[in-house]
Amino acid sequence: MPRKLYIRTFGCQMNEYDSARTADLLEESQGLERVDRPEDADVLLVNTCSVREKAAEKLFSEIGRWRQWKKERPDLVIGVGGCVASQEGAAIRERAPWVDVVYGPQTLHRLPEMLPEPKTSGSVDIESKRRPAIDITFPEIEKFDRLPEPRADGPTAFVSIMEGCSKYCTFCVVPYTRGEEFSRPFDAVIAEIVSLAEQGVREITLLGQNVNAWRGAMYDGGECDLAELIAYAAAVPGIGRIRYTTSHPVEMSESLIKAHGSVDALAEHLHLPVQSGSDEILRRMKRNYTVDDYLDKVRRLRENRPDLSLSSDFIVGFPGESEADFQATMDLVEEVAFDASFSFIYSARPGTPAAELPDAVPLSIKRERLSRLQGRLSELAAGVSRSMVGSRYRILVEGPSKKDHRELRGRTGNNRVVNFPCPERFDQAHLVGRFVDIEIVDAFANSLRGSDPLILE
Ligand code: SAM
Ligand code: F3S
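Residues numbered from 1 in each chain as written. Chains lettered and ligands numbered in written order. Predicted model: local features only at pLDDT ≥ 70, side-chain atom pairs only at ≥ 80, totals over all residues. Heavy atoms only, no water.

### What to know about the packing of aromatic side chains
To describe a pair of aromatic rings, you give the distance between the ring centres and the angle between the ring planes.
Point 1. Overall, the coordinates contain 8 aromatic pairs when judged by the stated rule.
Point 2. Taken together through their ring pairs, the aromatic side chains of Y289, Y294, F314 and F338 make up a single cluster.
Point 3. The ring of F60 is capped by R95, whose NZ or CZ atom sits 3.7 Å from the centre of that ring. (Phe/Tyr/Trp six-rings, centres within 6.5 Å; stacked < 30°, edge-to-face > 60°. Lys NZ or Arg CZ within 6 Å of the ring centre and 35° of its normal.)

The structure is reproduced here in structure tokens:
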């Protein structure tokens, strides 16, 4: 029987990507088979996120449950990866001596050498201060060179093109936990996209914390930017839709903006986090743009792609945020008419410059602002969904509907799930991985209903 691997993932799409690649790697090198229930596993990993608070608490409550299991099964291997591992390092072993391995976002490829040999007999004192395997360094490119070829899991896939971030926004922990920006070379990225397309992938999402700052080395010694990479990716046979996330407004170059008008495969949706609508707060966040700069990019984007839907991240209650600052954010939301967006209460991250700023805004006020903002953002997103009813949209069919397996599920370019009945003349498998034009007949809070698909290929 193959040994089993369970990975619990917190946080962003980059972490999901890292977990998937970790599973591929450990299957290839150790024959470990990924399972969905931790109770069934021999190796338990948690891939952590520390962007907002309670990251460490979440980690210790997860591995606290596993400690009991390890008492009963000393052969169990427990590992902690991701951004909390990177930040806490050896301190994790101080608090949780039953952890065997601590690895960072840039060293997951070294896991095969770090994992202890399976122990089949004898007892282990799980509370002893054994030397754990700890490696939370940032060895740049080595990670991607040492990971196996990605395996497709359905018609959509993430492709990580960049690691780290060098923007150092004053509230953000990412540059400290994931290291400085590093772009994967052009050839490596295209080879990964070709391999995924050959396995049936039709839609790719290019990933990076600051993805539009990507500058990949070319085979001829030159450099290529994200707009060029997108044009090449769109030419890969089979690839019909491309997304990229997360972008920084400052890196939204004219060539990238123009790509939204010229590359058909580029989805009509862009996640472009603005964080705040107040120039003073943006300055203190060290975002390096003003509200007018942001609006200017939005105007240029919509000139090139009039149906572009835009979403954003917002931080509410940044230290010193006045009611007027917050109102400026609400005004910006109206002006841009953002689609489904994310918003968070500011959370002081140890070691970041903003954590030193005096913060006089009471939590009750921050919560009240967050609920006002989220209320308006949900109304706007619902309005977009309602406006789609009665028109046809292109969707990529991803698989059976989650609610009713007799139906199918796909996703629109503007990132909405559409459930629809499979036409009688086809079986479901025939449609999965195909683009269809579908009429939207109803809109709900989290999905749309479609009918009458027109098969395109
Ligand atoms: N690179 C992206 C950008 O340019 O904005 C953001 C990446 S960050 C990991 C994801 C989101 O988490 C941010 O856009 C921000 O809204 C939120 N975030 C980051 N640090 C935060 C903090 N200390 N408190 C609250 N939200 C935070
Ligand atoms: Fe964080 Fe700002 Fe980079 S939000 S990931 S430091 S662009």
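This is not the end of the story, as more comes after the structure.
### Points about the layout of surface pockets
If you roll a probe as big as a water molecule over the atoms, it shows you where there is empty space left.
Point 1. When its volume is computed, the second largest pocket comes out at roughly 490 Å³.
Point 2. Around the second largest pocket, the lining comprises 24 residues; the ones closest to its centre are E268, R305, D307, G413 and N414.
Point 3. Going through the elements one at a time, β15 (309-311), α14 (363-388) and β18 (392-400) are the ones with two or more residues in the lining of the second largest pocket.
Point 4. Considering each element in turn, the lining of the second largest pocket owes the most residues, 3 residues, to α14.
Point 5. For the lining of the second largest pocket, the class distribution of residues is 11 nonpolar, 5 polar and 8 charged.
Point 6. Here the lining of the second largest pocket spans two domains, and each of domain 2 (142-387) and domain 3 (390-455) adds at least three residues to it. (1 Å grid on protein atoms, 1.4 Å probe; cavity = no way out; pocket = protein on both sides within 12 Å on 5 of 7 lines; lining within 4 Å. Points joined across faces, edges and corners; volume = space filled by probe spheres on them. Helix = DSSP H or I, 4+ residues; strand = E, 2+ residues; numbered from the N terminus. Nonpolar A, V, L, I, M, F, W, Y, C, P; charged D, E, K, R; others polar. Domains from an automatic or database assignment.)

### Focus: the pairing of strand β22 (residues 448-455)
Point 1. Inspection of the sheet shows strand β20 (residues 417-421) paired to β22 by 2 bridges, in the parallel sense. From the neighbouring strand, N419 faces β22, where its bridge partner is R449.
Point 2. Sheet topology places strand β21 (residues 435-443) next to β22; 6 bridges connect them, and they run antiparallel. Within β22, the position partnered with V436 by the bridge is I455.
Point 3. In this antiparallel pair of consecutive strands, β21 and β22, the connection spans 4 residues. (Pairing = 2+ DSSP bridges.)

### Let's talk about the domain arrangement of the chain
Point 1. As far as domains go, the chain holds domain 1 (4-135), domain 2 (142-387) and domain 3 (390-455).
Point 2. Between the C-alpha centres of domain 2 and domain 3 the distance comes to 27 Å.
Point 3. The junction of domain 2 with domain 3 conceals about 1,200 Å² of combined surface from both sides, 53% of it contributed by carbon and sulfur atoms.
Point 4. Area buried by domain 2 at its contact with domain 3 is led by P155, R241 and S385, which between them contribute 41% of it.
Point 5. Salt-bridge contacts for D339 lead to R416; the nearest nitrogen and oxygen are separated by 2.7 Å.
Point 6. Those elements that provide at least two residues to the side of domain 2 that touches domain 3 are β13 (241-245) and α14.
Point 7. The biggest single contributor to the side of domain 2 that touches domain 3 is α14, with 4 residues. (Buried area = accessible area lost by both parts, 1.4 Å probe. Salt bridge = Lys/Arg side-chain N within 4 Å of Asp/Glu carboxyl O.)

### Observations regarding the packing of helix α8 (residues 186-198) against helix α9 (residues 226-234)
Point 1. For the pair α8 and α9, the least separation of the axes is 10 Å and the interaxial angle reads 30 degrees. When the axes of α8 and α9 are compared, the pair comes out roughly parallel. The interaxial crossing formed by α8 with α9 has right-handed handedness. Contacts from F186, V189, I190 and I193 in α8 reach L229, Y232 and A233 in α9. (Axes fitted to C-alpha atoms, helices over the stretch in contact; angles between N-to-C directions. Parallel < 35°, antiparallel > 145°, perpendicular 65-115°, else oblique. Left-handed = near helix turned anticlockwise from the far one by under 90°. Contact = heavy atoms within 4.5 Å.)

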